[in-house]
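# Reading the structure
The primary structure of each chain is shown beneath.
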Amino acid sequence: SWEGKSYEEIAEQLFRSVSYINKDVGYRLWKKLSEALGEEVTKKSFRQALLREWQKQHGTTIETVPRTNASISLEFPEGPVSLSSRFYVERPPIEADCYKEIIKPGALIRIRGPKQMGKTSLLNRVIAYATQQNYRTVRINLRKAERNVFENLNRFLRWLCLNVSRQLNLEPNLDQYWDEEIGSKVSCTVYFQTYLLEQLDTNLVIGLDEIDATFSYLDIAEDFLALLREWHEEAMIDDSWGKLRLIISHSTEAYIPLNIHQSPFNVGLPVKLPPFNQQQVQLLSQLHGLSGTNEDMPQLLSMVRGHPYLVRLALYYLTRQDVTLQQLLEEAPTVSGVYSDHLRRCLGNLKQQPELASALKQVVTAQNPVQLESIAVYQLDSMGFVCLNGNQVTPSCELYRQYFSANLS
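What this report covers is the structure whose coordinates are included nearby. Quick caveat: nothing in here was measured; it's all calculated off a predicted structure. (Residues numbered from 1 in each chain as written. Predicted model: local features only at pLDDT ≥ 70, side-chain atom pairs only at ≥ 80, totals over all residues. Heavy atoms only, no water.)

## As for the packing of aromatic side chains
All told, the structure shown has 18 aromatic pairs when counted by the stated rule. Ring geometry for Phe 76 against Tyr 316: centres 5.1 Å apart, planes inclined by 85°, an arrangement best described as edge-to-face. In this pair, Phe 76 sits in the loop between helix H3 (46-58) and helix H4 (94-102) while Tyr 316 sits in helix H13 (residues 308-319), placing the two residues 240 residues apart along the sequence. Tyr 316 carries the same exposure label as Phe 76, and that label is buried. Ring-pair connections join several aromatic residues into one group, and the members of that group are Phe 150, Phe 156, Trp 159, Tyr 217 and Phe 224. Here Lys 43 stacks its cationic end above the ring of Tyr 7, 5.3 Å away from the centre of that ring. The ring of Tyr 88 has Arg 125 sitting right over it, with the charged end atom 3.7 Å from the ring centre. (Phe/Tyr/Trp six-rings, centres within 6.5 Å; stacked < 30°, edge-to-face > 60°. Helix = DSSP H or I, 4+ residues; strand = E, 2+ residues; numbered from the N terminus. Buried < 20%, exposed > 50% of the residue type's maximum accessible area, 1.4 Å probe, protein only. Lys NZ or Arg CZ within 6 Å of the ring centre and 35° of its normal.)

## Things to note about the pairing of strand E6 (residues 386-389)
The sheet contact formed by E6 and strand E7 (residues 392-395) spans four bridges and is antiparallel. If you follow Cys 387 over to E7, its bridge partner there is Thr 394. (Pairing = 2+ DSSP bridges.)

## Concerning the sheet that holds strand E5 (residues 269-272)
Strands sit in the order E2-E3-E4-E1-E5 across an open sheet of five strands; the sheet is parallel. Each edge of the open sheet is held by one strand with a lone partner, namely strand E2 (136-141) and E5. Direction aside, neighbouring strands of the sheet carry axes that sit 15° apart on average. Inspection of the sheet shows strand E1 (residues 108-112) paired to E5 by four bridges, in the parallel sense. Bridge pairing in E5 places Ile 111 opposite Val 271. Relative to strand E4 (residues 244-250), helix H9 (residues 218-234) is tilted by about 145°, and along the sheet it contacts E1, strand E3 (204-209) and E4. (Axes fitted to C-alpha atoms, helices over the stretch in contact; angles between N-to-C directions. Contact = heavy atoms within 4.5 Å.)

## Examining the packing of helix H6 (residues 153-167) against H9
Their axes nearest at 10 Å, the elements H6 and H9 cross at an angle of 45°. Overall, the two elements H6 and H9 adopt an arrangement that is oblique. Classified by chirality, the crossing of H9 by H6 is right-handed. Side by side, H6 and H9 meet where Leu 153, Phe 156, Leu 157 and Leu 160 of the first sit next to Ile 220, Asp 223, Phe 224 and Leu 227 of the second. (Parallel < 35°, antiparallel > 145°, perpendicular 65-115°, else oblique. Left-handed = near helix turned anticlockwise from the far one by under 90°.)

## A word on the side chain of Arg 91
Locating Arg 91 in the fold gives a position in the loop between H3 and H4. For the buried Arg 91, no salt bridge exists, and the shortest N-O distance to an oppositely charged side chain is 5.3 Å, to Glu 95. In this structure the side chain of Arg 91 is engaged in a polar contact, spanning 2.8 Å, whose partner is the backbone oxygen of Met 117. In this structure Arg 91 touches Met 117, Gly 118, Leu 273, Pro 274, Phe 276, Gln 280 and Pro 308, once residues within four positions along its chain are discounted. (Lys, Arg positive; Asp, Glu negative; His and termini not counted. Salt bridge = Lys/Arg side-chain N within 4 Å of Asp/Glu carboxyl O. Polar contact = N/O pair within 3.5 Å; in protein donor to acceptor, adjacent residues only side chain to side chain.)

## Considering the pattern of salt bridges
The final tally for this structure, using the stated rule, is 13 salt bridges. Among the salt bridges present, the one from Glu 230 reaches Lys 185, with a minimum N-O distance of 3.4 Å. Here Glu 230, found in helix H9, pairs with Lys 185, found in helix H8 (residues 184-199); they are 45 residues apart in sequence, far enough to count as distant. For Glu 230, a relative accessible area of 33% puts it in the partly exposed group. The class for Lys 185 is partly exposed, based on a relative accessible area of 21%. As a salt-bridge pair, Arg 320 and Asp 322 come within 2.8 Å of each other at their nearest N and O atoms. Judged by relative accessible area, which is 38%, Asp 322 ranks as partly exposed. Through salt bridges with shared partners, a single network forms among Arg 143, Glu 210 and Asp 212.

Next comes the structure, spelled out in structure tokens:
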């Protein structure tokens, strides 16, 4: 509530029902605050009620309440970094390489990185750059597709064509180009080439975010990924396909069997997002208006290893002066630290997958790097919990090592 989240957002974040958050937890919290402060407190009024009590206890006025730097407009770090945000930090030469690639006929850019590493933020910036070139653009997050979309390949490809058509403000015309006799892959290809691309007088950039959502559906993934590879290769021999440029983002490589000549993961421009280095963390700190020196950065880097989301979350609370750096680091792997909500969500996900939890427990408690079964490695890597060096697996940062070694059974 302090972060301005609705009951619905809180419920979704904590995997609870809205009714439980609102009528049980929320009701009891506002009742306790009302009793403690001697006035009626609600979700909308609790900030001002607490402020009035603070003023009463300190004998001060609202103007003298300690605040963060008024010139810094803070953003709570959640979701992609908006295009207008001051807090996006580039990782050269990644952005420049993507901008150069997207103007090439038939371009295919593959953005890879664990969760919350900035894949969508980068994808959005490449699309924005394409828009500046007067290209038409489409963004599709495959995680947002309903489960029944993945019932079969035909339904999935029709859903894709429908989404692209509507984002381009073109009347969907699937039935005219769809032919069950030739199959859904060919029908989809014909629809793109003959209907969509033909109507555009410029290039078309399609961003497919979270493409690994298809990996759980083997039949769909094999054919769909092969289709993307085919479209990319068609640009080499057919100018009409050169108008289509693709950006795909994924958390890990496909752990499904793909023919090397049909996979999109060995063509195009590969972009693997690394953690922030010390200079990038220092720049982000300066953007938050913090006056810390370079000597402070190694401590934070040691705890979170430059993970963009974890770094930004730390800087958010440091800028608000809610905690000192020393306090933040000491409490980081505990239930009272600034990462408590994030760590609880991660733990909840792991407990739904006992074999994966057991594999991670082995990693975080080992004195030396370990080797794991390949699918477990793929999954832990995509969640951002481990680092890979050949076949050797280690915890991705000290925060995860300490927290999961203490909380995984």
